[in-house]
Amino acid sequence: MSEWNSSDGWNDEPARKAPRSSGVTDSQALEKLVGALTAEQRKSRRWGIFFKILTFLYLFALLFMFRAPLTGGLDTAGVEAHTAVVEVNGTIASDTHASADNLVGALRRAFEAENSKAVVMRINSPGGSPVQAGYVYDEIVRLREEHPDKKVYAVISDMGASGAYYIAAAADEIYANRASLVGSIGVVSGGFGFTGLMDKAGVERRLYTAGENKAFLDPFSPEEPGEVAFWQDVLKNTHEQFIEYVRKGRGERLTDDERLFSGLVWTGEQALDLGLVDGLGSTSWVARELVGEEELVDYTVQPSPFKQFTDALGVSIVSALRTELAGSRFDLR
């Protein structure tokens, strides 16, 4: 529509309309921006506090490591007559808590303690290295000869299988719960073969060796019957060693059941019928009824204070990170 302008006359350009309001004022937009910045600052501050605490704990741990001994022995000075306990927990291997070094050291202290009247190995283990188990077995035999006045008992809780039973067989007597899993006197070795998968993926195996058996049982190469037969002989020989040590330890208490050394595992009640255990009972029962000293003193090698601290610190860090990530995730409410 044309409009009259006093200076220019008629103006044919349409009248311009004022822009519509979006419903958000400048003050409201500014308020939202400030709120977002404040929330971001709070989040940054929380992370800053977290990492400052983490740094402090790390420095404290370093100081604790240099001031505290890395390992500590059990001080039995002033301890009256008691039953010594050594825990055999978890997989038996050179790099675990149930290593031969740890178990042998604990057993020696338990036998040598003046007021320990007997030693109880409290076992909860699926087994592990036959070498580590063999070391412990031999040391138990030696300690029994050196301290003929002290008996050593093995008490199986949840499980005493394979290498764990290997160790138990060196004890004077073995006890278990009626539902414990006992036995598994056998040797196992396993792996994977990837040749079929490689063929499907079009992957070619290239292996160079010096020595005809250096690539023995390579999982990326086809099985060789000769190698498999050789490895079976190794396993058989190790199994025969296991059987020999169990027979030495248990003697005539073992039955003639042909399944005894087949690798099967039995409950405590079944193991009692087979002669694998001497009775059903707990550590406290053995201490009270057989040893006559109800007080138990644990001689198990414990992790150093520093390791305990760092382990607990690691758990705390993971927990804190999980909480923070959970708190900042995107949710529909």
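First, a word on scope: everything that follows refers to the structure included in this document.

Calculation criteria
Residues numbered from 1 in each chain as written. Predicted model: local features only at pLDDT ≥ 70, side-chain atom pairs only at ≥ 80, totals over all residues. Heavy atoms only, no water. Helix = DSSP H or I, 4+ residues; strand = E, 2+ residues; numbered from the N terminus. Expected span 1.5 Å × (residues − 1). Buried < 20%, exposed > 50% of the residue type's maximum accessible area, 1.4 Å probe, protein only. Arc of directions from axis to C-beta. Contact = heavy atoms within 4.5 Å. Axes fitted to C-alpha atoms, helices over the stretch in contact; angles between N-to-C directions. Parallel < 35°, antiparallel > 145°, perpendicular 65-115°, else oblique. Left-handed = near helix turned anticlockwise from the far one by under 90°. Nonpolar A, V, L, I, M, F, W, Y, C, P; charged D, E, K, R; others polar. Polar contact = N/O pair within 3.5 Å; in protein donor to acceptor, adjacent residues only side chain to side chain. Patch = residues over 30% accessible without salt bridge, like charges linked within 9 Å, V, L, I, M, F, W, Y side chains within 5 Å. Areas by Shrake-Rupley, 256 points an atom, 1.4 Å probe, with all protein chains shown as cover. Salt bridge = Lys/Arg side-chain N within 4 Å of Asp/Glu carboxyl O. Core = buried A, V, L, I, M, F, W, Y, C linked by side-chain atoms within 4.5 Å.

Here we come to helix H2 (residues 100–112). Taking 1.5 Å of rise per residue, 13 residues should cover 18 Å, and H2 covers 18 Å from first to last C-alpha, within 8% of that figure. Turning to H2, its buried residues number three or more, namely Ala100, Leu103, Val104, Ala106, Leu107, Ala110 and Phe111. Each buried residue of H2 lies within a common arc of 165° when the element is viewed along its axis, so the set occupies one face. Of the residues in H2, the exposed ones pointing more than 90 degrees away from the buried face are Asp101 and Glu112. Those residues of H2 hidden inside the fold are in contact with strand E3 (82–89), strand E4 (116–125), helix H3 (130–146), strand E5 (151–161) and helix H4 (163–168).

What follows covers the packing of H3 against helix H6 (residues 225–250). Between H3 and H6, the shortest axis-to-axis distance is 12 Å and the interhelical angle comes to 25°. Relative to H6, the element H3 is oriented roughly parallel. Our pair here, H3 against H6, has a crossing hand that is left-handed. Note on element contacts: H6 touches H3 through Thr238, Tyr245, Lys248 and Gly249, opposite Pro130, Tyr137 and Asp138. Tallied by class, the residues present in the contact of H3 with H6 amount to 3 nonpolar, 2 polar and 2 charged.

As a further point, take the side chain of Asp218. Position of Asp218 relative to the elements: it lies in the loop between helix H5 (195–201) and H6. The class for Asp218 is buried, based on a relative accessible area of 14%. Within the local environment of Asp218, its side chain forms a polar contact with the side chain of Arg205, the two groups lying 3.0 Å apart. Reaching out from Asp218, the side chain makes a polar contact with the side chain of Ser221 at a distance of 2.6 Å. If we ignore the near neighbours within four places in the chain, the residues touching Asp218 are Arg205 and Leu207.

For the rest of this paragraph, the subject is the environment of Val119. With respect to the helices, strands and loops of the structure, Val119 is situated in strand E4. Residue classification places Val119 among the buried residues on the basis of a relative accessible area of 0%. Linking Val119 and Lys151, residues 32 residues apart in sequence, is a C-alpha distance of 6.3 Å. The residues touching Val119, leaving out its near neighbours within four places in the chain, are Ala84, Val86, Leu107, Ala110, Phe111, Lys151, Val152 and Tyr153.

With that settled, the discussion passes to a nonpolar patch on the surface. A contiguous nonpolar patch, built from Leu30, Leu33, Val34 and Leu37 and spanning about 380 Å² of accessible area, is present on the exposed surface. Mapped onto the fold, Val34 is located in helix H1 (residues 26–67). Here Val34 falls in the partly exposed class, since its relative accessible area comes to 45%.

The next thing to look at is the nonpolar core. General note: in soluble globular proteins, nonpolar side chains tend to be found buried as a group. Ranked by internal contacts, the top residues of the largest apolar core, which has 52 residues, are Met121, Tyr165 and Leu276. Element by element, the count of residues in this core is highest for H2, at 7 residues. Core analysis: the next-biggest nonpolar cluster, separate from the first, contains 6 residues, Ala118, Tyr153, Val155 and Tyr175 among them.

Before going further, it helps to spend a moment on the environment of His239. Examined against the element boundaries, His239 turns out to sit in helix H6. Sequence separation between His239 and Pro130 is 109 residues; the distance between their C-alpha atoms is 9.5 Å. Those residues in contact with His239, other than ones at most four positions away along the chain, are Ile185, Gly186, Val187 and Phe261. At 3.1 Å, the side chain of His239 and the backbone oxygen of Ile185 are in polar contact.

Attention shifts here to the packing of H2 against H3. Look at H2 against H3: their axes get within 9 Å of each other, and the N-to-C directions meet at 15°. As judged from the angle between their axes, H2 and H3 are roughly parallel. Considering how the two elements wind past one another, H2 and H3 form a crossing that is right-handed. For the pair formed by H2 and H3, the contact residues are Ala100, Leu103, Val104, Leu107, Arg108 and Phe111 on the first element and Gln132, Tyr135, Val136, Glu139, Ile140, Arg142 and Leu143 on the second. Among the residues making up the contact of H2 with H3, the classes are represented as 9 nonpolar, 1 polar and 3 charged.

Remember that the coordinates give geometry; whether it matters functionally is a separate question.
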